[in-house]
Amino acid sequence: MPSPEFVDAVLATVARIPPGRVMTYGDVGIAIGSEAPRAVGRVMALYGHGTHWWRVVPASGQPPQGHEVLALPHYLEEGTPLRGEPRPGEYRIALSSARLPYTHEIYAEVAL
C-alpha cells in the first residue's frame, strides 16, 4: 500500500494538470521524484476518483483502462488532442501534442 505522503503527492500533482493536457503514470512518478508508475496507477485506482483522473493515462496513449466511456466527454470538453474516431474503444490520446512537456512547472522540483 502506498504511503500517505506518496498518495498526497500523486493527487496534488494530478490536480495541477491543466485541462486538455495529460501525463502518463510514469510522468506523474517523475514529477514527484519516484520511478514507480505502477504505484501511481494504484493510487489513481484507489483514490483518484476525486480528482481529474482522465488526465493520467498509460504510456500507450489509451484512456484509463475500463474508463474509456467516462473519460471521452472530458477529453472532448477540454479539447484534449485525440487520435482516431472520438468513440469509446476507437480513440487514443495524441500524446505527441497532449502530453504535458517536461518544461512545465510541475516538474520544476525534479532534476531531469
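Please refer to the structure placed before this passage.
Quantities reported herein were computed from a predicted structural model and do not represent experimental measurements.

1. Focus on the pattern of salt bridges
The tally for this structure, following the rule as stated, stands at five salt bridges. As a salt-bridge pair, Glu78 and Arg55 come within 2.6 Å of each other at their nearest N and O atoms. Of the two residues, Glu78 sits in helix H4 (residues 68-78) while Arg55 sits in the loop between helix H3 (37-47) and strand E2 (56-57), which places them 23 residues apart along the sequence. One salt bridge connects Arg87 with Glu90, and the closest N-O pair in it is separated by 2.7 Å.

2. A short note on H3
Turning to H3, its buried residues are Val40, Val43 and Met44. Down the axis of H3, the smallest arc covering the buried residues is 95°, so these residues share one side. H3 presents Arg38 and Ala45 as exposed residues on the side facing more than 90 degrees away from its buried surface.

3. With respect to H4
All buried positions along H4 are accounted for by Ala71, Leu72 and Tyr75. Around the axis of H4, the buried residues are gathered within 115° of arc, so they sit on the same side. Every exposed residue of H4 that faces more than 90 degrees away from the buried side is listed here: Val69, Leu70 and Glu77. Buried residues belonging to H4 abut E2, strand E3 (82-84) and strand E4 (91-93). Of the residues flanking the end of H4, it is Gly79, one or two places downstream, whose phi is positive at about 75°.

Basis of the calculations
Residues numbered from 1 in each chain as written. Predicted model: local features only at pLDDT ≥ 70, side-chain atom pairs only at ≥ 80, totals over all residues. Heavy atoms only, no water. Salt bridge = Lys/Arg side-chain N within 4 Å of Asp/Glu carboxyl O. Helix = DSSP H or I, 4+ residues; strand = E, 2+ residues; numbered from the N terminus. Buried < 20%, exposed > 50% of the residue type's maximum accessible area, 1.4 Å probe, protein only. Arc of directions from axis to C-beta. Contact = heavy atoms within 4.5 Å.

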